Structure formats: structure tokens, C-alpha cells
Amino acid sequence: MMHKKRWPTLVHLILLTCMSLPVSAGVTADEAARLGADLTPVGATKAGNAAGTIPAWQGGITQPPANYKPGMHHPDPFAEDRPLFVITAENLHEHEANLSPGQIALFKRYPDTFRMPVYASRRTASLPEQIYERTIANATTATLTKHGNGVLNAAEGIPFPIPKNGLEAVWNHLLRYRGTTLSTSSGQASPTADGSYVVVRLKEDILWAYHQPGANIETIDNKLAYFRQEVLSPPRLAGQILVVHETLNQAAEPRKAWTYNPGQRRVRRAPNVGYDNPGTASDGQRTNDQSDVFNGAPDRYDWTLVGKRELYVPYNSYRLHSDQNSFDDILQPGHINPELTRYELHRVWVIEARLKEGLRNIYARRTFYLDEDSWQISIADQYDGRGEIWRVSEAHVINYYDVPLTWTTLLAVYDVQNGRYLAMGLSNEFKPARFDHPLDRNQFTTEALRQLGRR
């Protein structure tokens with residue numbers, strides 16, 4: 001069939017021209033002066049809410065509890081807290097204003113078993129002073145690159161603590177502080193309808209190039225992080241190794257990935273480690289870009305900063321982190337054990353991501369809810385091409401107060417259409433994450449991958 005060539009209208013040409021320009025420049029000095037005043041150093045509203053149900057931020061957790069010793073699973077600073085109330089399918093209508101559509105869908109999918117125990121809100125998020133200082137400095141210098149696929153003129157900290165658009169806000173999540181290195185042994189599992197599961201044990205090492213002391217965008221050679229993942233069990237998967245060089249501007253230089261296959265004893269390029277390709281050993285329950293709720297290039301979506309709202313989100317989830325609970329205690333049919341969860345009312349930034357015309361991703365629309373105190377995505381609602389809720393991600397976070405930083409201890413990705421879910425980051429039966437393990441870039445080369453695979 002013949003088609004007439006459609007020439008762009010003047011409006012289209014103007015839009016294309018605008019899209020090729022830098023998306024933003026840093027905020028003014030007067031705006032930046034709010035950081036550390038009425039705003040926290042990372043840009044959250046310092047004051048509590050009018051109802052008194054969200055307290056003022058007073059610095060978060062600034063030192064570990066007295067009973068903490070390095071190497072321990074982090075003891076719960078709020079072990080004596082009891083739920084204020086529990087949201088169930090029966091009283092859902094009373095709380096819908098503070099729930100996302102995806103969370104509401106979970107109550108409707110599991111009306112008899114899904115519950116949300118809501119506790120007093122505690123604004124525990126905190127970061128090292130150096131990261132606060134760099135974040136405040138970034139506020140007046142950081143800019144987005146052409147089309148918004150990268151960041152310029154920023155170092156170590158949050159690049160846009162006072163965001164002006166959705167792209168700036170999602171870059172705050174992508175560049176939030178997660179230490180300088182990470183070494184962890186964790187499990188992931190995707191229970192079947194009857195609750196049976198197999199834990200896939202993973203060993204992961206990450207070197208955060210952007211967060212190295214003294215680093216800035218211009219010195220890291222467009223490398224955000226170096227990542228290595230080894231499958232330790234079950235035996236049918238053991239020995240698979242993945243190495244990733246995570247680039248900052250992935251439109252200019254896509255992330256580079258290599259895999260070692262123990263059966264072939266060969267290292268191969270892995271060009272499909274990204275976007276909506278299936279995640280490692282996930283049984284098809286998540287995509288690559290759902291790791292850490294969202295990661296990778298933002299170039300396939302149009303991003304809108306909707307604003308802030310108050311939402312019940314997983315927070316201070318120390319019981320899900322505790323070595324006093326086993327995987328069997330956590331993993332249940334349909335969803336994780338609600339008795340071990342903790343939800344609190346927090347203010348979140350709301351970002352809408354809609355798939356650009358002509359590009360592909362299995363999720364046509366995604367709504368992200370970012371904790372204002374940490375820039376961690378707390379909840380993500382993912383929609384299919386029909387506009388129906390497909391998957392819901394919940395990031396159960398703690399303050400790793402030995403660093404300090406706020407990050408997930410468990411990430412749950414629920415498929416409300418097929419009734420299954422994936423639990424990632426299970427560490428209760430393993431040693432907790434280390435943020436002080438020495439790593440260098442030479443450990444993430446293809447030669448290092450070959451040597452590791454042949455041991």
C-alpha cells in the first residue's frame with residue numbers, strides 16, 4: 001500500500017527544535033538558599049503536615065542504635081512501635097485518598113489476605129554531610145543534557161534538589177546516594193500460586209563511580225556505576241555472571257554488558273540487558289529496568305512532574321530485614337507476609353512516565369512515587385497497553401545507619417493480572433550488605449570476568 005509522505009507542520013518543527021535544547025539550568029541562588037532552611041538539604045519540605053500525621057524532619061537517624069555492631073543485620077530502632085491501624089479490603093474506602101491505584105488494586109486482587117499495618121511516621125532518612133554539601137552545590141550548577149538523557153555539572157550528590165520537571169526528578173532517583181561501593185549476597189524468589197518457591201541466590205558488587213569522593217560528571221567518563229552479579233544457586237543456574245558498565249547518558253553511549261556462561265565457558269556481549277528485557281532469573285516477573293524500581297535510560301518515556309501528595313508507603317522495614325525472620329516467614333502465596341511489613345504516611349513526589357510515540361516498552365505508562373526525604377522510588381504503578389494496572393512495585397526501605405543512607409531491604413514486584421510476585425533483595429538468611437568493601441574498576445573488566453568464571 002502506498003502512503004503519502006507527511007511533512008512536519010511548523011508546530012512540529014518548533015517542538016523538535018525545543019526538544020534539542022538543554023531541558024533546564026540550575027535554580028537561582030535565592031531558591032538554593034532554601035536548602036537547609038525551610039527545605040532539607042535534599043529538597044524535602046522540612047516541616048510536618050498540617051494534620052500532624054507527618055512530623056518535621058530533624059536530621060533523620062544520625063548514629064546507629066547502641067545495640068548495633070558492624071556486620072549485624074540492622075536492629076529495629078522502633079521495635080516497640082505498634083500499628084496505629086490496619087488497612088484491609090473492608091475499610092479500604094476510608095484510606096483510598098492516601099493510596100496509589102496500584103496499592104488499591106492489590107487489595108482488590110487479594111481481599112482476604114492483603115493488609116497494610118500503618119505505623120507512626122518517622123522521617124529517618126539521612127545522608128553523610130559531604131553528600132548534603134554536594135547536593136546544595138549542585139542545585140545552582142546541574143543541568144540536563146540535550147533531550148534530558150544525561151546530567152551535566154553535578155558531583156556526588158542529588159543533582160536537582162529543587163526539581164522543575166519530571167526528568168530532573170527521576171534523575172534524582174537514578175543519582176541518589178547509595179554509598180561508594182556495595183557488596184551483597186541476597187536472594188530473589190517468585191512464589192507460585194500455592195506459595196512454593198525456589199530462592200535464587202545472587203552475589204553482587206557495585207562500584208559507584210559518581211559517588212567516589214571528589215568525583216564529578218566530567219571525570220567519570222560517562223560511567224555511573226560498575227556492576228557485577230554472580231548466580232550462586234540453584235545448581236541449574238549457578239556460575240552465570242553478568243558485568244555491566246552503567247553509563248550516565250545512555251542515549252549517547254548505551255550501557256555495556258557482558259555475561260559468562262559456565263556451560264560454554266565463554267564471555268559474550270549482552271546487548272539486551274536493559275529496558276523491558278526480562279531480568280536475571282526473574283521467571284519473567286520483572287524487566288531489567290524494574291531493578292531498583294526503575295533504572296537505566298529514561299529516553300523511551302515522556303516524564304511529567306505532577307507534584308506532591310501524601311501516601312502510605314513502606315518505610316523503616318526492619319522486620320523484613322531482620323535475621324530473626326526466615327524466607328519462609330516472609331514469602332506467602334500472592335504477596336509477602338503483611339505481619340512483617342510497616343507502612344507510614346509520607347510526602348512523595350509523583351511522576352508520570354508515558355511511552356513516547358513510536359518507541360516500545362511493555363509498560364505503556366508508569367507512575368512513580370518518590371519519597372521526598374531520600375529520592376527513593378517508594379511505589380511504582382505499571383500499566384499495560386490497554387491502560388490497566390499490570391504490575392505494582394513496593395520498595396521496603398530502611399536506613400542503613402552505619403553509612404548512613406536509605407535504600408531497599410526488599411523490593412516486591414506484584415503482577416495483579418497473573419497473581420504472582422517477585423521478591424528481590426532477601427537477605428535475612430545471608431550476611432547483610434556491606435558498604436565498605438574495597439572495589440576498583442579493574443574488577444569489572446572482561447578479563448576479570450573470564451578469570452572469575454574459570455575459578
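Criteria and thresholds
- Residues numbered from 1 in each chain as written.
- Predicted model: local features only at pLDDT ≥ 70, side-chain atom pairs only at ≥ 80, totals over all residues.
- Heavy atoms only, no water.
- Helix = DSSP H or I, 4+ residues; strand = E, 2+ residues; numbered from the N terminus.
- Buried < 20%, exposed > 50% of the residue type's maximum accessible area, 1.4 Å probe, protein only.
- Contact = heavy atoms within 4.5 Å.
- pLDDT = per-residue confidence, 0-100.

Assignment of secondary structure puts Thr406 in strand 16 (residues 406-415). Residue class for Thr406 comes out buried when judged on its relative accessible area of 7%.

This paragraph deals with the environment of Gly453. Of note, Gly453 is situated in helix 8 (residues 446-453). With a relative accessible area of 17%, Gly453 lands in the buried category. C-alpha separation for the pair Gly453 and Thr259, spaced 194 residues apart in sequence, amounts to 9.7 Å. Leaving out residues up to four positions away in the same chain, Gly453 has contacts with Ile241 and Tyr260.

Attention now moves to the environment of Gln103. Mapped onto the fold, Gln103 is located in helix 3 (residues 101-109). Taking the relative accessible area as the measure of exposure, Gln103 reaches 0% and is therefore buried. Sequence separation between Gln103 and Ile377 is 274 residues; the distance between their C-alpha atoms is 14 Å. In contact with Gln103, not counting residues within four places along its chain, are Asn98, Met116, Leu311, Tyr312, Tyr343, Ile379, Asp381, Val392 and Glu394.

Confidence in the prediction of the chain, expressed as mean pLDDT, is 92, and 94% of residues score 70 or more. A low-confidence stretch, residues 1-22 (pLDDT under 50), is modelled with nine contacts involving residues beyond four sequence positions or located in other chains.

Tracing the backbone shows Pro338 in the loop between helix 7 (327-330) and strand 12 (343-355). For Pro338, a relative accessible area of 4% translates into the label buried. Here the alpha-carbon distance between Pro338 and Pro163, two residues 175 residues apart in the chain, equals 34 Å. Once you skip the residues sitting within four places of it in the chain, Pro338 turns out to touch Thr113, Arg115, Pro117 and Gln332.

A separate point is unusual backbone geometry. Ser233 connects to Pro234 through a cis peptide bond whose omega is 5°. Mapped onto the elements of the fold, Pro234 is located in the loop between strand 7 (223-233) and strand 8 (241-247). In this chain, Val403 is followed by Pro404 through a cis amide linkage whose omega measures 0°. For Pro404, the position within the fold is in the loop between strand 15 (389-399) and strand 16. Despite not being glycine, Ala281 has its phi angle at roughly 50°, a positive value. For Ala281, the position within the fold is in the loop between strand 10 (266-269) and strand 11 (301-314).

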